[in-house]
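What follows is each chain in one-letter form.
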Amino acid sequence: TLVNNNWQSVTFGNGLYVAVSSTGANNRVITAPADSSWVMGAVVPRPWTTQASAADKNWQSVTFGNNLFVAVANDATSNGVMTSSDGITWTTQAALSTLYWTGVTFGDGLFVAVSQTGTGNRVMTSPDGINWTTQASAADLAWQSITFGNNKYVAVGSSETMTSSDGITWTTTATITQFWNDVTFGGGLFVAVSTTSTNNRVITSPDGIVWTTRSPAADLGWQAITFGNNLFVAVANNNIMTSSDGITWTTQLIPVSSAWYSVTYGDGLFVLVISSSK
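Small disclaimer: the values here were computed from a predicted structure and weren't measured. Residues take numbers from 1 onward in each chain, read along the sequence in its written order. In keeping with the predicted nature of the model, local features appear solely for residues at pLDDT of at least 70, side-chain atom pairs appear and are counted solely at 80 or more, and the whole-chain, interface and lining totals rest on all residues. Hydrogens are left out, water is left out, and the side-chain values use all remaining heavy atoms of the structure.

Caption draft 1: Expanded view of the overall build of the protein chain. Secondary structure counts use DSSP, requiring at least four H or I residues in a row for a helix and at least two E residues in a row for a strand, with both numbered from the N terminus. The number of helices and strands found in the protein chain is zero helices and 26 strands. Residue exposure (1.4 Å probe, protein chains only): buried if accessible area is under 20% of the type maximum, exposed if over 50%, otherwise partly exposed. Counting over 278 residues, the protein chain shows a buried share of 54%. When checking whether two residues touch, look at their non-hydrogen atoms; a contact exists if any pair is within 4.5 Å. Residue pairs in contact within the protein chain that sit at least 24 positions apart in sequence constitute 43% of those at least 6 positions apart. As displayed, the protein chain has an accessible area near 10,900 Å², and 48% of this comes from carbon and sulfur atoms. Charge centroids of the protein chain, computed over 8 positive and 14 negative side chains, lie 7 Å from each other. The Shrake-Rupley method, run with a 1.4 Å probe sphere, supplies the accessible areas, and residue values consider only the shown protein chains as cover. Note on charges: Lys and Arg go in the positive column, Asp and Glu in the negative column, and His and the chain ends are not counted at all. By convention, the point assigned to a charge is CZ for Arg, NZ for Lys, CD for Glu and CG for Asp.

In structure tokens:
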């Protein structure tokens, strides 16, 4: 990347990879086009370009849907959302609750974000990324990540998961009592990863309600997970693991050891970003 910021999240949409950071001065977004080239025998995206974020906030998560990039911030201030139609020019939007927003996804025509803080209001929804409505969360837990699949929104966080068919009415489901960092959906399966515990840092569910513990490739601090090209890919500090079914995991050799923090898939390529403080 062009700047040594703490890159928290990366997504792909409309032919563009977009990453957001929690640090930096007027440079908390970077973009790269999907067009790829060969460098030393490997396919890599074109060079990244620094973009001016709408504000220097603690941007935690970014997603793409309905021809719009939407990012949310974890700093308990107003205007904790920023949007962009092209990934280059960004505009702040008002989040109704000044909470620590940590995850955002798009599905079924709706953007849905979750927060680590708040009292009965740790979810907000928007059909356009601009006008947001506060929703009652199923529990006041530290919600970390959210995804959409199988006609359902699924959020993960501390000790539990919660699900919703419409983004408005939520229900909690119990899992192993540990902190789930990230969740994705692919191949008919929800898969979440954790940074803690022993031999059970992966859970899977076909419906987001009944979860099964899985053994990771190693007991490492798994930070993020994505699905693409019939493969689940999870990242941790200096490590990557993959699975074709979400059940059996294998560690992979990586060319560079680094604090991998987020991963996405787009245009035939898995793309990872790092948080330099991790």
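Caption draft 2: Geometry of the sheet that holds strand E24 (residues 250–252). For two strands to be treated as a pair, DSSP must find no fewer than two bridges joining them. Strands sit in the order E21-E22-E23-E24 across an open sheet of four strands; the sheet is antiparallel. Every other strand in the sheet has two partners, leaving strand E21 (224–228) and E24 as the edge strands with one partner each. Across the sheet, the mean angle separating the axes of adjacent strands is 30° when strand polarity is ignored. For E21 and strand E22 (residues 231–236), the ladder comprises five bridges, and the chain directions are antiparallel. Bridging across to E22, Ala-224 finds its partner in Val-235. Between the N-to-C directions of two axes lies an angle of 0 to 180 degrees, each axis being a line fitted to C-alpha atoms and, for a helix, fitted only over the stretch in contact.

Caption draft 3: Representation of the packing of aromatic side chains. For Phe, Tyr and Trp, rings pair up if their centres lie within 6.5 Å, where Trp contributes its six-membered ring, and each pair is then called stacked (planes under 30 degrees apart), edge-to-face (over 60) or tilted (otherwise). For the coordinates displayed, the defined rule picks out nine aromatic pairs. Measuring from centroid to centroid gives 4.7 Å for Phe-148 and Tyr-153, while their planes differ by 55°, and the two rings are tilted. Among the aromatic residues, ring-to-ring pairing joins Phe-64, Phe-69 and Trp-90 into one connected group.

Caption draft 4: Spatial organisation of the sheet that holds strand E18 (residues 189–194). Reading across from one edge, E15-E16-E17-E18-E19-E20 is the order of the six strands in this open sheet, with antiparallel pairing throughout. With one partner strand each, in any of the chains shown, strand E15 (143–149) and strand E20 (212–214) form the two edges of the open sheet. Recorded for the sheet is a direction-independent mean angle of 40° between the axes of neighbouring strands. Relative to strand E16 (residues 152–164), E15 runs antiparallel, the two sharing six bridges. Among the inter-strand pairings, Trp-143 is bridged to a residue of E16, identified as Gly-157.

Caption draft 5: Seen up close, the environment of Ala-224. Mapped onto the elements of the fold, Ala-224 is located in strand E21. Since its relative accessible area comes to 3%, Ala-224 is described here as buried. Separated by 33 residues in the primary sequence, Ala-224 and Val-191 place their C-alpha atoms 11 Å from one another. Once residues within four sequence positions are removed from consideration, Ala-224 is found in contact with Asp-182, Val-193, Val-233, Ala-234, Val-235, Tyr-261, Ser-262 and Val-263.

Caption draft 6: Region of the structure containing the side chain of Ser-22. Residue placement: Ser-22 occurs in the loop between strand E2 (16–21) and strand E3 (29–33). Look at Ser-22 and you get buried, because its relative accessible area is 14%. Dropping the residues within four chain positions of it, Ser-22 is found in contact with Asn-6, Gln-8, Arg-28, Lys-57, Asn-58, Trp-59 and Gln-60.

Caption draft 7: Up close: the pattern of salt bridges. For this analysis, a salt bridge means a side-chain nitrogen from Lys or Arg found within 4 Å of a carboxyl oxygen belonging to Asp or Glu. Under the defined criterion, the tally for this structure stands at three salt bridges. One salt bridge connects Arg-28 with Asp-56, and the closest N-O pair in it is separated by 3.7 Å. Residue Arg-28 is located in the loop between E2 and E3, and its partner Asp-56 is located in the loop between strand E6 (49–51) and strand E7 (59–65); the two are separated by 28 residues in the primary sequence. Owing to a relative accessible area of 10%, Arg-28 belongs among the buried residues under this scheme. The closest approach of N and O atoms between Asp-219 and Arg-201, which form a salt bridge, is 3.8 Å. Taken together, the residues span a long stretch of sequence, with Asp-219 in the loop between E20 and E21 and Arg-201 in the loop between E18 and strand E19 (202–205) at a distance of 18 residues. A relative accessible area of 35% places Asp-219 in the partly exposed class.

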